[in-house]
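Listed below are the residues making up each chain.
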Amino acid sequence: MNKIEIKHITVNYADKGSLFTALEDVTFSVGAGEFVSIIGSSGCGKSTLLSILEGINTPSKGTILIDGKPIEGTGTDRGVVFQQYSLFPWMSARNNVAFGIKQAKKGISRAERMKISDEFLDKVGLKSFKNKYPSQLSGGMQQRVAIARALAMDTEILLMDEPFGAIDAKNRTVLQELLLKLWEGDGVQDKKTVVFVTHDIDEAILLSDRIVMMSASPGKVYKEITVPFKRPRNRAELVQTREYGLFRNELISLFYGDIINKIGGEEVVL
Amino acid sequence: MKYKDRKFTRILNITNILYILLWLVQLMPDNTVEDQGKFTVYTVVFMSALEAVFIIISLFGYKKQLYNTAKSIISTVFTALLLWILATAKFNILNESMFPSPELVLQQLAEDHSRLINDALSSLQTLAKGYLTAVVSGIILGSLAGMSKKLCDSIAYITSFLKLIPPIVYIPYAIACLPYYSMVSTFVIFVASFWPVFSCTFSGVSNVDKQYIDSANVLNVNVISRIWNVILPASLSEIFIGCNQGLAYSFILLTSAEMIGGSSGIGYYIKYYSDFGDFKRIIVGILVIGVIISILTFLINKLEKYLLRWKAK
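Throughout, residues of each chain are indexed from 1 in the direction in which the sequence is written. Naming scheme: in the order in which they are written, chains are lettered from A and ligands are numbered from 1. This being a predicted model, a pLDDT of at least 70 is required before a residue's local features are given, and a value of 80 or more before pairs of side-chain atoms are given or counted; all residues contribute to the totals for chains, interfaces and linings. Hydrogens and waters are ignored; side-chain quantities use all the structure's heavy atoms.

Moving on to the overall build of chain B. Helix and strand labels come from DSSP, where a helix needs a run of H or I of at least four residues and a strand needs a run of E of at least two; each type is numbered from the N terminus. Check the secondary structure of chain B and you find 13 helices and zero strands. In chain B, the succession of helices and strands from N to C terminus is α-α-α-α-α-α-α-α-α-α-α-α-α. For 313 residues, the compact-globule formula gives about 20 Å, and the C-alpha radius of gyration of chain B, at 25 Å, lies well above that figure. With respect to the three principal axes, the spread of C-alpha positions in chain B is 75 × 65 × 30 Å. Partly exposed residues are those whose accessible area sits between 20% and 50% of the maximum for their type, while under 20% is buried and over 50% is exposed, using a 1.4 Å probe and protein chains only. For chain B, buried positions account for 43% of its 313 residues. What makes two residues a contact is simply this: any of their non-hydrogen atoms within 4.5 Å. The contacts in chain B between residues at least 6 apart in sequence include a share of 76% that link residues at least 24 apart. Within chain B, one finds 25 positive and 18 negative side-chain charges whose respective centroids are separated by 14 Å. Values of the radius of gyration come from C-alpha atoms, whereas the globule rule sets the reference at 2.2 Å times the count of residues to the power 0.38. We score Asp and Glu as negative and Lys and Arg as positive, and we do not count His or the chain ends. Taken as the charge location is NZ of Lys, CZ of Arg, CG of Asp or CD of Glu.

Printed below as a string of structure tokens:
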């Protein structure tokens, strides 16, 4: 059974009297334990779609089902990592994670929360930074804490909205590999279902089982592509293979092909 | 070499030089009637006590910041004291009866100390009642108003009108309505400090970054936890601006109220002796108020620094 079913989602905004359609009839589903990336140029509504999944936005039409039940608002069955500011700056790294755990698992003791918090901060390599405040951490470290919190909450679904979008290229690679390692994990049995929004093609290929490509104005599903590479993946090995190059080229031509179609398919100066 | 330099400046610095100058000034002949032929016990004790504090800090204080603060505060006090002594007792530039020398003022302070402590405690008690009520109610009502979107605009207009009215104009009204004068002071302090706390909390809460609200929402935070763990911390620095402003206003109002009709407190002390033209006691009162305000401001700043320690420096 599909874990998440997105059915005919349409979002309209009234903008200065005229109706603006951000998303039009978006339909796709995500299987249990599947890692799906939503990719598209800026303005295609991918973040709007994710905010509906998160429950902080409501669609004009359509429904989203999780385990067959329509979602109503936010819920602790979904862990969320934003691009920035997921953390509360007035809580230390440790308390940020512990606060998430407290919300997800009611009635858990303080000592237990702290123990789990420390364990997950250790997993993301921030054991010695646990008492620092977010303002004392770099952007990359803050995202590690946000990931640690989302994982420590132990939700079945993980929603990530361009989590590495504001990180420099070098650290982004490190974080992608960390996420890959944590998600693939040891027990392949109960992997988390992940919906991951990005505009980075390489990131999408490396991480996901399937890629949902969206086109802009109005935001629609343009193409769904299954990523054919076996897991566990290793970036260094993967990028050297011929298949990777071919697959990447295919995606890029689809991606830019969409843009060319939009502009008129004639002269495109990049 | 560097260490030696430091040792050198620990002995030969502005504070110690001023201390020696203060001693030398004591040797000059007095020029006023009241000061003549008097050994300046109180001045010497006072300046030596400050110097002792300074020496202890420079010997045992390991924090550079503490040493620097002590140095600048004590050297400023010494400079003021020096100029004061020269202008009064030594050269008698100012009117002798209106501007007594520090020795006479300090002597008065020592004589009146038990009374001053009572007056100061009475002032602080009034202040605590009015100010703390204002802070607590200002924060609670300000947060509630800031969180309700419908009320936002109308409250903003009403607040900006009401907070412009100088609270002192409520005194006649309060005197007419309230049974005891002490309640009048408390009430006026409450009004004076309520508006800044309320309006700063209100603006802080209504402007909390949407990102934090979203973050709280996706974590399914309940209303109480959302207020306590998200909204209040996010608007804390604005709330502190209001509290600081409120404290400043409440002092102005406290002393005014005591001077208008009180029967205790430092404001009353000043008012009472100004009727007799006792300028020594007026200066004593002014100094005591200054010291109390400084200590309270210092404490509230410490609290602010502690509660906002998570902010980027």
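Residue and element names in this part refer to chain A. The domains assigned to chain A are domain 1 (2-77 + 156-263) and domain 2 (85-155). Relative to domain 2, the C-alpha centre of domain 1 lies at a distance of 25 Å. With 14 residues of domain 1 at the interface, the matching set in domain 2 holds 13 residues. Summed over both partners, the accessible area lost on bringing two parts together, with a 1.4 Å probe, is the buried area. When domain 1 packs against domain 2, the two sides together hide about 1,200 Å² of surface, and 71% of this comes from carbon and sulfur. Ranking the residues of domain 1 by area buried against domain 2 places T76, L182 and K192 at the top, with a combined share of 37%. A pair is scored as a salt bridge if a Lys or Arg side-chain nitrogen falls within 4 Å of a carboxyl oxygen belonging to Asp or Glu. Where domain 1 packs against domain 2, one counts one salt bridge. Per the annotation, domain bounds derive from an automatic or database assignment of domains.

Here helix α4 (residues 64-90) of chain B spans 37 Å end to end across 27 residues, near enough to the 39 Å set by a 1.5 Å rise per residue. Restricting attention to buried positions, one finds in α4(B) the residues Y67(B), A70(B), I74(B), S75(B), F78(B), L81(B), L82(B), I85(B), A87(B), T88(B), A89(B) and K90(B). One fewer than the residue count of a helix, multiplied by 1.5 Å, yields its expected span.

For any two aromatic rings, the description comes down to two numbers: the centre-to-centre distance and the angle of the planes. Centres within 6.5 Å are what make two rings of Phe, Tyr or Trp a pair, Trp counting through its six-membered ring; a difference in plane orientation under 30 degrees is then read as stacked, over 60 as edge-to-face, and the rest as tilted. According to the stated counting rule, one finds 22 aromatic pairs over all chains in the structure shown. Between the aromatic rings of W195(B) and F198(B), the centroid separation amounts to 5.8 Å while the plane-to-plane angle is 90°, which identifies the pairing as edge-to-face. Here F198(B) and W195(B) lie together in helix α9 (residues 181-206), a separation of three residues that amounts to about one turn. In this structure an aromatic cluster arises from ring pairing among F88(A), W90(A), F99(A), Y212(B) and W310(B). Only when the NZ of Lys or the CZ of Arg is both within 6 Å of the ring centre and within 35 degrees of the ring normal is a charge said to sit over the ring. Between R281(B) and the ring centre of Y273(B), over which it is positioned, the NZ or CZ distance is 4.4 Å. Directly above the ring of Y306(B) sits R309(B), whose terminal nitrogen or CZ lies 4.2 Å from the centroid.

Further remarks concern the nonpolar core. By size, the foremost hydrophobic cluster in this structure holds 50 residues, and its most contacted members are F88(A), W90(A), Y131(B), C243(B) and I266(B). Per-element tally for this core: the top contributor is helix α11 (residues 223-261) of chain B, with 12 residues. Non-local contacts of I266(B), meaning those with residues more than four positions away in its chain, are made with L116(B), D119(B), A120(B), S123(B), E258(B), G285(B), V288(B) and I289(B). Remark: nonpolar core denotes a set of buried residues (Ala, Val, Leu, Ile, Met, Phe, Trp, Tyr, Cys) joined through side-chain atoms within 4.5 Å. Grouped together as the second largest cluster of nonpolar side chains are 48 residues, L137(A), I167(A), F196(A) and Y244(A) included.

Attention shifts here to the sheet that holds strand β4 (residues 61-66) of chain A. All names here are of chain A. Two strands qualify as a pair provided DSSP detects at least 2 bridges between them. The sheet built from four strands is open, its strands ordered β2-β1-β4-β5 with antiparallel pairing. With partners counted over all chains shown, the strands left at the sheet margins are β2 (18-31) and β5 (69-70), one partner each. Taken together, the two bridges between β4 and β5 define a ladder with antiparallel strand orientation. Looking at the pairing, I66 lines up with K69 of β5. Most of the contacts of helix α1 (residues 46-54) go to strand β1 (residues 2-15), to which it runs at about 120°, and overall it touches β1, β2 and β4. For helices, the fitted line uses only the C-alpha atoms of the stretch in contact; every axis is such a line through C-alpha atoms, and the angle between N-to-C directions lies from 0 to 180 degrees.

Let's shift gears to the domain arrangement of chain B. Residue and element names in this part refer to chain B. Taken as a whole, chain B is organised into domain 1 (2-111) and domain 2 (113-307). Both sides of the domain 1 and domain 2 interface together cover about 950 Å² of buried area, and 66% of this is carbon and sulfur. Our count for the domain 1 to domain 2 interface comes out at zero salt bridges. The definition of a polar contact used here is a pair of N or O atoms within 3.5 Å, where within protein one atom must be able to donate a hydrogen and the other to accept one, and adjacent residues in sequence count solely through side-chain atom pairs. Along the contact surface separating domain 1 from domain 2 lie three residue pairs in polar contact (both at pLDDT 80 or more).

Bringing the pairing of strand β10 (residues 220-226) of chain A into the picture now. All names here are of chain A. For strand β9 (residues 210-215) and β10, the ladder comprises six bridges, and the chain directions are antiparallel. Its bridge partner being in β10, I211 is matched across the sheet by I225. Hairpin geometry of β9 and β10 is characterised by an intervening segment of four residues between the two adjacent antiparallel strands and by a positive phi of about 35° at S217.

To continue, consider the interface of chain A and chain B. Accessible area lost upon the coming together of the parts is a frequently used measure of interface size. Between chain A and chain B, the contact holds 23 residues from the first and 20 residues from the second. The contact between chain A and chain B buries some 1,900 Å² in all, and 64% of this surface belongs to carbon and sulfur atoms. Per-residue buried area on chain A facing chain B is highest for Y85(A), F88(A) and W90(A); these three make up 31% of the total on that side. Our count for the contact surface shared by chain A and chain B stands at zero salt bridges. Counting the contacts that link chain A with chain B gives nine residue pairs in polar contact (both at pLDDT 80 or more).

Per-residue pLDDT for chain A averages 88, and the proportion of residues at 70 or more is 94%. Here pLDDT means the predictor's own confidence in every residue, given as a number from 0 to 100. Low pLDDT, under 50, characterises residues 265-270 of chain A; the stretch is placed with two contacts to residues that sit more than four places away or in other chains.

Residues and elements named next belong to chain A. Counted residue by residue, strand β7 (residues 157-161) has five buried out of five residues, so it is predominantly covered. Neither face of β7 is open: one carries I157, L159 and D161, the other L158 and M160, and all of them are buried. Bridge analysis of strand β6 (residues 78-81) against β7 gives four bridges, and the strand direction is parallel. When the sheet's bridge partners are listed, R78 is paired in β7 with I157. Of the pairings in the sheet, the one linking β7 to strand β8 (residues 193-198) comprises five bridges and is parallel in character. Its bridge partner being in β8, L159 is matched across the sheet by V195.

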